[in-house]
Amino acid sequence: MIKDSANKQSKLAINGGKPVCTTKWLAWPTFDNAERKQLLGVLESGEWWYGGKVRQFEAKFAAFQTARFGVSCTNGTAAIEMGLRGLGVLPGDEVIVPPYTFIATAAAVVTVGAIPIFADILPGTLCIDPDDVERKLTPRTKAIIPVHVGGYVADMDRLNKIARKHKLRVLEDAAHSWGTQWQGWGTGTLGRCGTFSFQVTKNITAGEGGILVTNDEALADLCRSYSHCGRRKGSAWYDHDYLGSNLRMTEFQAAVLLAQLGRLEKQTLKRQASAQILDRELQDVPGIRLLTPEPRMNRRSYHMYIFRIEEQTLGVSRDRFLEALVAEGVPASKGWYQPLYGNGVFRNANQGPANGISAPFFGRGVDYTKVHCPVCEQVCRDAVWIPQNVLLADKNTIRLVAQAIQKVVARAGQLH
Ligand SMILES: Cc1ncc(COP(=O)(O)O)c(C=O)c1O
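The numbering scheme is per chain: residues are counted from 1 as the chain's sequence reads. Where totals are concerned, whole chains, interfaces and linings use all residues; where local detail is concerned, this predicted model gives features only for residues with pLDDT of at least 70, and gives and counts side-chain atom pairs only at 80 or more.

**Details of the overall build of the chain**
Secondary structure elements are defined from DSSP: runs of H or I of at least 4 residues count as helices, runs of E of at least 2 residues count as strands, and each element is numbered from the N terminus. Each helix and strand in the chain was counted, giving 13 helices and 12 strands. Within these notes, the globule rule equals 2.2 Å times the number of residues to the 0.38 power, and the radius of gyration is based on C-alpha atoms. Its C-alpha atoms give the chain a radius of gyration of 22 Å, near enough to 22 Å, the size a compact globule of 416 residues would have. Expressed as lengths along the three principal axes of its C-alpha atoms, the size of the chain is roughly 75 × 60 × 40 Å. Per-residue burial for the chain yields a buried fraction of 48% across its 416 residues. Residue pairs in contact within the chain that sit at least 24 positions apart in sequence constitute 71% of those at least 6 positions apart. Counting other C-beta atoms within 10 Å of a residue's own tells you its class, since 20 or more makes it buried, 12 or fewer makes it exposed, and anything in between is partly exposed; those C-beta atoms are placed from the backbone. We call two residues in contact when the distance between their C-beta atoms, placed using the backbone, is within 7 Å.

Here you go:
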């Protein structure tokens, strides 16, 4: 049922009507005196480098994700690289990744010399499809990287079963899922390890930053070593037993993240409550497809609220739908509009910067132009993303967001 009474007579804003939402959305990133105090504390302490704040943040964030260990680093991309090295992924190994994700998930695989193999996603979750993972296995498969898109958890029960059977490592790309839990356990603890991003758009941010969490102490030590110039736990300062890099987080970043972590729980619950309102208001709207409810996911972080539109039912393209929705005052976007393998780095893999990617799966050398993941390709054409800061608005405003969507659906015929 389309509840559009408030706007029954009105024209779409894109056609000169009155917009449904005139809200000024919460600016992101957000901060208050907690960040000011933390930052000043670091500044005045003189301890700017790899000290008490970093350690405190690592311990607190790991505990927040129900993990035993946290290894911080410069960003979420570096965290994936660190995790892959820690898991022993070597040049020539194949790593199965979804194509519906940010470039970092696959680029990190290439950076460690391994080969990304794309498995399709599920239409109701937008996360990697375990059946397609099984189809893409070869004797060279070493690892799987499920991505918890927008905080929605990939089917970790199925993926872990496949991993156990074929002796594969599972690294969760949990870049969007701070606070998300699956059957009571935080993301990052569901596979061997998980990685998070604190880049500026993220629900908890220091402008940049990343962390890997795990329950495996030996893995945490290896990752620490990699991030800390190859030093081993307890080794002398200029002893470098492993090949490492410098991926250390600064005290300033950790200070800001500690302040942000202080409000994350409350904000997570608020975003979740807003998403529940949207789900309720949109569940019966023709032409709108919501994600599948997942009872094993007992808490979800919502980096964005995603729904899909049925272009045929609405008689309008997703991009035109979005123009109308934005005009109604909802800052929605199309998100990832192409599968990762559609990017030049993969399409031109034999000439471009990823020159040298080769895998037996594709015969002689990789030809990513031949890869097709039809579900992902469709989702790239029909998904709508509403960013996380919108979900922090009050209940009435969230209802207006739903009304704006309902209004565009009801008047899609005016969008030609
Ligand atoms: C799914 C996913 N993985 C990894 C990353 C990489 O994180 P960062 O930007 O901190 O390097 C991002 C960043 O947006 C992401 O969305």
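**With respect to the nonpolar core**
Residues Val 95, Ala 143 and Val 401 are the most contacted members of the largest nonpolar core, which totals 120 residues. Apart from residues no more than four positions distant in its own chain, Ala 143 is found in contact with Leu 84, Leu 87, Val 89, Val 95, Leu 168, Arg 169, Val 170 and Leu 171. By convention the nonpolar core is taken to be a set of buried residues drawn from Ala, Val, Leu, Ile, Met, Phe, Trp, Tyr and Cys and joined through C-beta atoms within 7 Å.

**Things to note about the site of the ligand**
As a matter of local geometry, the ligand sits amid 14 residues, with Gly 76, Thr 77, Phe 102, Ala 175 and Ser 197 nearest to it. Contributing elements (two or more residues each) for the shell around the ligand: helix 3 (76-86) and helix 4 (104-111). For the shell around the ligand, the class distribution of residues is four nonpolar, nine polar and one charged. Nearness rests on one distance test: the residue's C-beta atom, set from the backbone, must lie within 6 Å of the molecule or strand. Any residue outside Ala, Val, Leu, Ile, Met, Phe, Trp, Tyr, Cys, Pro, Asp, Glu, Lys and Arg is labelled polar, Gly included; the first ten of those are nonpolar and the last four are charged.

**Considering the sheet that holds strand 9 (residues 210-214)**
Spatial strand order, 1-9-8-5-4-2-3: seven strands in an open sheet with mixed pairing. Either end of the sheet is taken by a strand with one partner, and the two such strands are strand 1 (69-73) and strand 3 (115-118). Sheet twist, expressed as the mean angle between neighbouring strand axes with direction ignored, is 25°. Any two strands between which DSSP finds at least two bridges are classified as paired. Judged from the five bridges that link them, strand 1 and strand 9 form a sheet pairing that is antiparallel. The residue bridging Phe 69 from the neighbouring strand is Thr 214, located in strand 9. Each axis is a line fitted through C-alpha atoms, taken for helices only over the stretch in contact, and angles between the N-to-C directions span 0 to 180 degrees.

**Let's talk about helix 10 (residues 318-327)**
If you check which residues of helix 10 are buried, you get Phe 321, Ala 324 and Leu 325. Down the axis of helix 10, the smallest arc covering the buried residues is 100°, so these residues share one side. Buried residues along helix 10 sit in contact with strand 11 (304-309), helix 9 (311-314) and helix 13 (395-410). Downstream of helix 10 by one or two residues, Gly 329 has phi in the positive range, about 100°. Along the arc lie the directions from the helix axis toward the C-beta atoms.

**A look at the sheet that holds strand 12 (residues 383-387)**
Note on sheets: strands pair through backbone hydrogen bonds, and any given pair is parallel or antiparallel. In spatial order, the strands read 10-11-12; together these three strands make up an open sheet with antiparallel pairing. Looking at which strands have only one partner, the edges of the open sheet turn out to be strand 10 (288-289) and strand 12.

**Brief notes about unusual backbone geometry**
Note the cis peptide between Trp 28 and Pro 29, where omega equals 5°. A positive phi angle, near 50°, is found at Tyr 50, a position not held by glycine. Tracing the chain through its elements places Tyr 50 in the loop between helix 1 (33-45) and helix 2 (52-64). Accessibility expressed as a C-beta count within 10 Å gives 15 for Tyr 50, which makes it partly exposed. If you check the backbone angles, Tyr 302 has positive phi at about 55° while not being a glycine. Within the secondary structure, Tyr 302 sits in the loop between strand 10 and strand 11.

**Let's talk about the confidence of the model for the chain**
Scored by pLDDT, the chain comes out at a mean of 94, with 94% of its residues at no less than 70. Summary of the metric used: pLDDT quantifies the predictor's per-residue confidence within the range 0 to 100. Confidence drops under a pLDDT of 50 for residues 4-8, and excluding neighbours within four residues, the segment shows seven contacts in the predicted structure. Low pLDDT (under 50) marks residues 359-364, which in the prediction has 10 contacts with non-local residues, meaning those over four places away or in another chain.

**Focus: the environment of Val 110**
Along the chain, Val 110 turns up in helix 4. Judged by C-beta crowding, with 20 C-beta atoms within 10 Å, Val 110 ranks as buried.

**Quick look at the packing of helix 8 (residues 251-282) against helix 13**
Relative to each other, helix 8 and helix 13 sit at 35°, their axes nearing to 9 Å. Two packed elements cross with a definite hand, and for helix 8 against helix 13 that hand is right-handed. Facing helix 8, whose interface residues are Ser 274, Ile 277, Leu 278, Glu 281 and Leu 282, helix 13 presents Lys 395, Ile 398, Arg 399, Val 401, Ala 402 and Ile 405. Among the residues making up the contact of helix 8 with helix 13, the classes are represented as seven nonpolar, one polar and three charged. Note: crossing handedness is left-handed where the near helix turns anticlockwise from the far helix by less than a right angle, and right-handed where it turns clockwise.

**Considering the pairing of strand 5 (residues 169-173)**
Two faces, one strand: in a regular strand the side chains alternate between the faces of the sheet. Along strand 5, five of the five residues are buried, which leaves the element largely enclosed by surrounding structure. What you see with strand 5 is no split at all: Arg 169, Leu 171 and Asp 173 on one side and Val 170 and Glu 172 on the other are buried throughout. Note: strand 4 (residues 141-144) against strand 5, two bridges, orientation parallel. By the bridge assignment for strand 5, Ala 143 is matched with Arg 169. Viewed with both strands pointing away, a crossover whose connecting path from the first strand over the helix to the second turns clockwise is right-handed. Handedness of the crossover joining strand 4 and strand 5 through helix 6 (residues 156-166) is recorded here as right-handed. The pairing of strand 5 with strand 8 (residues 193-197) spans three bridges and is parallel. Among the inter-strand pairings, Asp 173 is bridged to a residue of strand 8, identified as Thr 195.

**A few points about the environment of Arg 231**
Take Arg 231: it is sitting in the loop between helix 7 (217-227) and helix 8. A tally of 19 C-beta atoms within 10 Å means that Arg 231 is categorised as partly exposed. Between the C-alpha atoms of Arg 231 and Arg 289, which are 58 residues apart in sequence, the distance is 50 Å. Ignoring any residue separated from it by four or fewer positions in sequence, one finds Arg 231 in contact with Ser 225, Asp 239 and His 240.

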